[in-house]
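Each chain, letter by letter, is given below.
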Protein chains: 2
Amino acid sequence: MKVGVIGAGSIGLLFASYISKVFDVTIYSRTKDQAYQINENGILMRKKAVVKQSSVKALPISAWKGTEDFTIVTVKQYQLSAVLEVIKHLSILPNNLLFLQNGMGHIKLLEEIKGINLFVGTVEHGALKENAFTVSHNGEGATNVALFKGDFSFLQSFATGVPSDFPIHVQEDYYSMLMNKLIVNAVINPLTSILHVKNGELIQNKYFFRVLTNLFDEISFILNLDHPEEHLRQVIEICKKTAENRSSMLKDIEANRLTEVDAILGFILEEANKQEKQAPLLENVYHFIKGKEPAKGGVL
Amino acid sequence: MKVGVIGAGSIGLLFASYISKVFDVTIYSRTKDQAYQINENGILMRKKAVVKQSSVKALPISAWKGTEDFTIVTVKQYQLSAVLEVIKHLSILPNNLLFLQNGMGHIKLLEEIKGINLFVGTVEHGALKENAFTVSHNGEGATNVALFKGDFSFLQSFATGVPSDFPIHVQEDYYSMLMNKLIVNAVINPLTSILHVKNGELIQNKYFFRVLTNLFDEISFILNLDHPEEHLRQVIEICKKTAENRSSMLKDIEANRLTEVDAILGFILEEANKQEKQAPLLENVYHFIKGKEPAKGGVL
């Protein structure tokens, strides 16, 4: 199977490295320079003390023709519009597209794509891009995928074909799959980013834990969760399991990059708005993060 | 007039330095060592490039007899209980006591003191303790004082006696004087501490400004302010004037010290509780700060 990977950030490099063992992979990067470096060096993937080199073909995104059998879009949610523009101008539409963005912000955008098989997924791996062609895999996890619309079969054969040390689980219901991840991200990412703490501190510090539960309660009320206690248990479980990790949003803030706050909190705030529900904490947390992102506007 | 200054932190050293030009001042420090150092070196007060030395008598707090004509209590609110214990055990009660704590938390404690003249004040100076006997006066302001209970006259003669470069204004109503300062502190101190920003950024960053106004609205509702727009204007004015300053609470957090959050936000949260009003933002901000204070407790 020919597989295209769009985006050569940490998740793009990680996926390309693992699945290139079994599939014929081409990775598409934003810049020509990065494609050149990947072609020169291969992709280096570091896991603890071991470094593996994979030989993967790389091209700049402008060279993407959409001719692979299966394509994985790994760019951040806020870069997705640009990718969708490219898709619209391809002469041949790609057949099978898997989108791995956080949050729910991309769902609206995907509804505009017609006539091809669309899949969505959530990634639970910890990965850090070290340079243009090196990624460290510092948190083992799994990938969940589900059908968004169209035909199921290519997703199934992709998921069963991947190596066993990089598991991909097919889920029945894309909405609850994305929602589970969204709730976890909506609580852990913004709070760790505001407080500049590792995930574990949110449950080890009793005051931070109060904030966590208050924020969770607000989210649970807005999303009309049927079993909030299970979701809260999941949030706590992930704080425990990833206690020593810095969340992706915290890393973005520390590196003075844009964050995924609009994709993650923006969706829940819109829901609150539609249902005419108050969301004081969520709004507050949202503004804290927006104010810390690189583009700031003056008011007075 | 003999004046006692209780507490040799930044405000204690600043007051002792200025008023020792006109009054006979004894400063009381928590430790013997600091008293020794002040007696050896005098108090050095740095203002821009100029350093002034004042010769001030210093004693440890255990040697305080309460015999001065006028005593200024400059310790932090959370150290006040200890000072009040000392007062209760003095054989002669001091005649005139001025309390310079932030917030409203000390008012309840002062109601227990009987039979002497009690005054309260708010300090608008910026001061930083550099070492045991050196303070830098890096923000010129004024001190406001008012009668809390008892006789007015000593406060008046103290206020008119101070040097003109260290003005002390007598106010009619202690409650509105403390409340004005409280509102400013309740907005600026916690937000700058959570965000790790200078005061000015709260109004220069449009997202932080949204948080500021949301928090202000909640406080205004809880405190039943008659003219909220005037208080908000004052908050903005102070952010502008002190744009380059780091708030005292931010400095406390950065130095891993206790903060005055209980004296400042605790009072407003109690008010909310009494009136059965919701205070989601205030609670949230309170927990953020409590979680950043040195003593942290685990929950899970």
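Parameters and conventions
- Residues numbered from 1 in each chain as written.
- Chains lettered and ligands numbered in written order.
- Predicted model: local features only at pLDDT ≥ 70, side-chain atom pairs only at ≥ 80, totals over all residues.
- Heavy atoms only, no water.
- Salt bridge = Lys/Arg side-chain N within 4 Å of Asp/Glu carboxyl O.
- Helix = DSSP H or I, 4+ residues; strand = E, 2+ residues; numbered from the N terminus.
- Buried < 20%, exposed > 50% of the residue type's maximum accessible area, 1.4 Å probe, protein only.
- Contact = heavy atoms within 4.5 Å.
- Buried area = accessible area lost by both parts, 1.4 Å probe.
- Polar contact = N/O pair within 3.5 Å; in protein donor to acceptor, adjacent residues only side chain to side chain.
- Phe/Tyr/Trp six-rings, centres within 6.5 Å; stacked < 30°, edge-to-face > 60°.
- Lys NZ or Arg CZ within 6 Å of the ring centre and 35° of its normal.
- Axes fitted to C-alpha atoms, helices over the stretch in contact; angles between N-to-C directions.
- Parallel < 35°, antiparallel > 145°, perpendicular 65-115°, else oblique.
- Left-handed = near helix turned anticlockwise from the far one by under 90°.
- Core = buried A, V, L, I, M, F, W, Y, C linked by side-chain atoms within 4.5 Å.
- Pairing = 2+ DSSP bridges.
- Right-handed = clockwise from strand over helix to strand, strands pointing away.
- Arc of directions from axis to C-beta.

Caption draft 1: Structural detail: the pattern of salt bridges. Residues and elements named next belong to chain B. Under the counting rule described, the total for this entry stands at 24 salt bridges over all chains. In this structure, E130 and R46 form a salt bridge, with 3.0 Å as the shortest nitrogen-oxygen distance. Remark: R46 occurs in strand 3 (residues 43-47) and E130 occurs in strand 9 (residues 126-131); sequence separation between them is 84 residues. Relative accessible area serves as the criterion here: at 38%, E130 is assigned to the partly exposed category. Among the ionic pairs, D252 bridges to K76, the shortest N-O distance being 3.7 Å.

Caption draft 2: Highlighting the interface of chain B and chain A. Chain B puts 29 residues into the contact, and the matching count from chain A is 29 residues. Of the roughly 2,900 Å² buried between chain B and chain A, counting both surfaces, carbon and sulfur atoms make up 68%. For the interface between chain B and chain A, the tally reads 0 salt bridges. At the boundary of chain B with chain A, the tally comes to 4 residue pairs in polar contact (both at pLDDT 80 or more). Of all elements in the fold, only helix 6 (174-195), helix 7 (201-204), helix 8 (206-222) and helix 12 (280-292) of chain B reach the threshold of two or more residues within the side of chain B that touches chain A.

Caption draft 3: Region of interest: the packing of aromatic side chains. The tally for this structure, following the rule as stated, stands at 17 aromatic pairs over all chains. Between Y28 of chain A and W64 of chain A the ring centres are 6.3 Å apart and the planes differ by 55 degrees, which places this aromatic pair in the tilted class. You can see Y28 of chain A sitting in strand 2 (residues 24-29) and its partner W64 of chain A sitting in the loop between strand 5 (57-60) and strand 6 (70-73), a full 36 residues away along the chain. You'll find Y28 of chain A and W64 of chain A in the same group, each marked buried. Taking the centre distance of 6.3 Å and the plane angle of 85 degrees together, the rings of Y174 of chain B and Y175 of chain B count as edge-to-face. Among the residues examined, Y175 of chain B registers a relative accessible area of 38% and is labelled partly exposed. Three or more aromatic residues link up through ring pairs in this structure, and these residues are F23, F70, F119 and F158 of chain A. Taking the ring centre of F221 of chain A as reference, the NZ or CZ of K277 of chain A above it sits at 4.3 Å.

Caption draft 4: Looking closely at the packing of helix 6 (residues 174-195) of chain A against helix 12 (residues 280-292) of chain A. Residues and elements named next belong to chain A. Axis separation between helix 6 and helix 12 bottoms out at 10 Å; the angle between their running directions is 55 degrees. It follows from the interaxial angle that helix 6 and helix 12 lie oblique. Along this stretch, helix 6 crosses helix 12, giving a crossing that reads as left-handed. In this structure, helix 6 contributes P190, L191, S193 and I194 to the contact, and helix 12 contributes V285, F288 and I289.

Caption draft 5: Seen up close, the nonpolar core. Grouped together as the largest cluster of nonpolar side chains are 132 residues, with contacts concentrated most on F99 of chain A together with F99 of chain B. Once residues within four sequence positions are removed from consideration, F99 of chain B is found in contact with V73, L80, L84, I87, H106, L110, I113, L118, F119, V120 and G121 of chain B.

Caption draft 6: Examining the pairing of strand 7 (residues 96-99) of chain B more closely. Residues and elements named next belong to chain B. Residue alternation in strand 7 divides its side chains into two sets, N96 and L98 and L97 and F99, and both sets are buried. Bridge count for strand 6 (residues 70-73) against strand 7 is 3 bridges, and the pairing is parallel. Bridging across to strand 7, I72 finds its partner in L98. In the classification by handedness, the crossover that spans strand 6, the intervening helix 3 (residues 80-88) and the parallel strand 7 is right-handed.

Caption draft 7: Main features of the sheet that holds strand 10 (residues 134-139) of chain A. Residues and elements named next belong to chain A. Sheet architecture is open: 4 strands sit in the order 4-3-10-9, paired in mixed fashion. At either end of the open sheet lies a strand with only one pairing partner, and these are strand 4 (50-54) and strand 9 (126-131). The sheet shows a mean angle of 25 degrees between the axes of neighbouring strands, taken without regard to direction. By the bridge criterion, 5 bridges tie strand 9 to strand 10 in an arrangement that is antiparallel. Pairing of K129 across the sheet is with V135, part of strand 10.

Caption draft 8: Here's a closer look at helix 2 (residues 32-41) of chain A. All names here are of chain A. For helix 2, the complete set of buried residues consists of Q34, A35 and I38. Along the long axis of helix 2, the arc covered by the buried residues comes to 100 degrees, so they all point the same way. Turned more than 90 degrees from where helix 2 packs its buried face, K32, Y36 and E40 sit exposed. G42, located one to two residues past helix 2, shows a positive phi value of around 70 degrees.

Caption draft 9: Spotlight on the side chain of T259 of chain B. All names here are of chain B. With respect to the helices and strands, the residue T259 is situated in the loop between helix 10 (248-254) and helix 11 (261-274). Polar side-chain contacts of T259 include one of 3.1 Å to the backbone nitrogen of V261. Excluding anything up to four places from it in sequence, T259 contacts Y78, M249, D252, I253, I289 and E293.

Caption draft 10: Inspection of the sheet that holds strand 6 of chain A at higher detail. Residues and elements named next belong to chain A. With mixed pairing, 8 strands are arranged side by side in an open sheet as 5-2-1-6-7-8-11-12. Two strands lie at the open edges of the sheet, namely strand 5 and strand 12 (168-171), each paired on one side alone. Within this sheet the neighbouring strands show an average axis-to-axis angle of 25 degrees, counted without direction. Relative to strand 8 (residues 117-123), strand 7 (residues 96-99) runs parallel, the two sharing 4 bridges. Its bridge partner being in strand 8, F99 is matched across the sheet by V120. Running over the sheet, helix 3 (residues 80-88) touches strand 1 (2-6), strand 6 and strand 7 and is turned about 175 degrees from strand 7. Contacts from helix 5 (residues 153-161) reach strand 6, strand 7, strand 8, strand 11 (143-149) and strand 12 within the one sheet, and its direction differs from that of strand 12 by about 150 degrees.

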